[in-house]
Amino acid sequence: MQTGENDRETGTLRVKRGLAEMLRGGVIMDVVNAHQAKVAEDAGAVAVMALERVPADIRRDGGVARMSDPALIEAIQSIVTIPVMAKARIGHFGEAQILEALRVDYIDESEVLTPADEEHHIDKWAFKVPFVCGATNLGEALRRISEGAAMIRSKGEAGTGNVVEAVRHLRSILGDIRKLATADSAERFAWAKRLQAPYELVEEVAARGRLPVPLFCAGGIATPADAALVMQLGAEAVFVGSGIFKSGDPPRFARAIVEATAHFADPEILVKVSRGLGDAMPGAEISKLDTRLAERGW
Amino acid sequence: MSAPQRAPRVGVLALQGDVREHAAMLSELGAEVVEVRRPEDLEGLDGFVLPGGESTTLSLLLQSSGLFDPLAERLAAGLPVLGTCAGMILLGREVLDGRSDQRVLGVVDLSVRRNAFGRQLESFEADLDVEGLEGGPVHAVFIRAPVVERAGEDVEVLASVEMGGVKLPVVCRSGAATAVAFHPELTGEDRLHRLLLEEVASRRKGAGA
């Protein structure tokens, strides 16, 4: 009648991608302490990303940005009941091993931290914990999936409060998927070459008309309208980093962005949640940035 | 007296979660799918699905959208419903390890523990026999899944898993409601959705007679 405890398979592809599927239509919020994590959960976040500094502060402070202190991650895990994610540096499988041992629910191999390897990303198949990776275009997304990523997020430009790069990356990924879906069999080989991605994945995307894993959006979302925009463009969920806790009223911004993500195509509700919100995080012009985080990753 | 001709109209709660997989499965089985985000979307429905997702988020969005009370009323009045994972939590009467202000719909007399197996690393897949389903075991995917810790007397337990030597229900039925702790929609397993549509068909036939 019931399955024994020994007949269970953990850490499978299906289980890893499955959690990403459950987060669709939701908001994943960056938090730097247990108090913020609670604010995020109370506002309806589907998950939190535990880190020491939000991207806007990493940008301001400079220096090497690394994985968070385990004590910080544990404090956040102990206060919320929703999934807790944490970031490892690109290629830093040592940090990823620590995060897996901490039993975080997802690891973000993130360009927001300083890369540890300028050629290799983490071999994510070697882990039971699922990974999310950033991408600026379809080729990058497929390379990350071939390394074992179970979720892709468009990179945008983190810590800027400027949605323009997120839009650029989403449009690039989704536009190429639409073109690929109409390519004939000979053209698909050329696509694989151009994208520098495995042919099997190119085939799969062509057949399904979408990535084999969920595609979320990150990097620059600062208002409910930003969330609605990227959801209408085809993102399946949103990551909000500095946009909530750098705003004038974090609990209200958090709640409003959750509502806007759920009701992204309903202007009446978008008006309601946007009204009288107060100051969004201060934004930055992309052309004036010293560091373009989205350029990290290969 | 003849059976209604139009396809059954099944609502899928579309505020958050894996709505697409449920919708695709129901369409494939011949249902007309309505994505439900507002109270007016509940009109004219013959059946309902509560998808997988984050139950604390769904509980909040159900309240802010004004859907909570009308949906609870429709379900209490016997609208056939299938809930998976977060959907099981929402169908129950009591949630354990939930958020302190988390509201549930209270359709089935269950006490459901969230994240009963632990964090994502404990998520798993396994074959599971479900009573009343023909054609062999169900391949079940449990993602940070809940289990039932207490089931009321009118609740039929159709499948259980073992945890620490104790059998805990993961598929339960009561009246026209079926609560499932795993995700049939992720594996192309459509027998539980068929059950829902059978329930819908028998109610419509009853109403038309």
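Residues numbered from 1 in each chain as written. Chains lettered and ligands numbered in written order. Predicted model: local features only at pLDDT ≥ 70, side-chain atom pairs only at ≥ 80, totals over all residues. Heavy atoms only, no water.

Colleague: Residue-level account of the overall build of chain A, with values.
Modeller: A tally of helices and strands in chain A yields 13 helices and nine strands. Oriented by its inertia axes, the alpha-carbon framework of chain A measures out at about 55 × 50 × 45 Å. The proportion of buried residues among the 298 residues of chain A is 62%. If you take every contact in chain A between residues at least 6 apart in sequence, the share linking residues at least 24 apart comes to 66%. Per element, the accessible surface of chain A, about 11,300 Å² overall, is 50% carbon and sulfur. Separation between the mean location of the 36 positive side-chain charges and that of the 42 negative ones in chain A comes to 3 Å. (Helix = DSSP H or I, 4+ residues; strand = E, 2+ residues; numbered from the N terminus. Buried < 20%, exposed > 50% of the residue type's maximum accessible area, 1.4 Å probe, protein only. Contact = heavy atoms within 4.5 Å. Areas by Shrake-Rupley, 256 points an atom, 1.4 Å probe, with all protein chains shown as cover. Lys, Arg positive; Asp, Glu negative; His and termini not counted. Charge placed at Lys NZ, Arg CZ, Asp CG, Glu CD.)

Colleague: Report on the packing of helix H10 (residues 224-233) of chain A against helix H12 (residues 250-262) of chain A, specifying residues and quantitative values.
Modeller: Residue and element names in this part refer to chain A. Viewed as axis vectors pointing N to C, H10 and H12 meet at an angle of 25 degrees, and their least axial separation amounts to 8 Å. By the angle class used here, H10 and H12 are roughly parallel. The hand of the H10/H12 crossing is right-handed. Contacts between H10 and H12 pair Pro 224, Ala 227, Ala 228 and Met 231 from the former with Ala 256, Ile 257, Ala 260 and Thr 261 from the latter. Looking at the contact of H10 with H12, its residues break down into seven nonpolar, one polar and no charged. (Axes fitted to C-alpha atoms, helices over the stretch in contact; angles between N-to-C directions. Parallel < 35°, antiparallel > 145°, perpendicular 65-115°, else oblique. Left-handed = near helix turned anticlockwise from the far one by under 90°. Nonpolar A, V, L, I, M, F, W, Y, C, P; charged D, E, K, R; others polar.)

Colleague: Account for the interface of chain A and chain B, naming residues and giving values.
Modeller: Across the contact, 48 residues belong to chain A and 53 residues belong to chain B. Here chain A and chain B share an interface that buries about 4,200 Å² over both sides, 51% of which is from carbon and sulfur atoms. At the surface where chain A touches chain B, the tally comes to nine salt bridges. Its salt-bridge partner being Arg 144 of chain B, residue Asp 105 of chain A comes within 2.9 Å of it at the nearest N-O pair. Run the count over chain A and chain B and you get 23 residue pairs in polar contact (both at pLDDT 80 or more). Looking at which element gives the most residues to the side of chain A that touches chain B, the answer is helix H1 (residues 13-22) of chain A, with seven residues. Class assignment for the residues of the side of chain A that touches chain B results in 15 nonpolar, 12 polar and 21 charged. Note that strand E1 (residues 9-10) of chain A and strand E7 (residues 124-128) of chain B share two bridges and pair antiparallel. Looking at the pairing, Thr 10 of chain A lines up with Phe 124 of chain B of E7 of chain B. (Buried area = accessible area lost by both parts, 1.4 Å probe. Salt bridge = Lys/Arg side-chain N within 4 Å of Asp/Glu carboxyl O. Polar contact = N/O pair within 3.5 Å; in protein donor to acceptor, adjacent residues only side chain to side chain. Pairing = 2+ DSSP bridges.)

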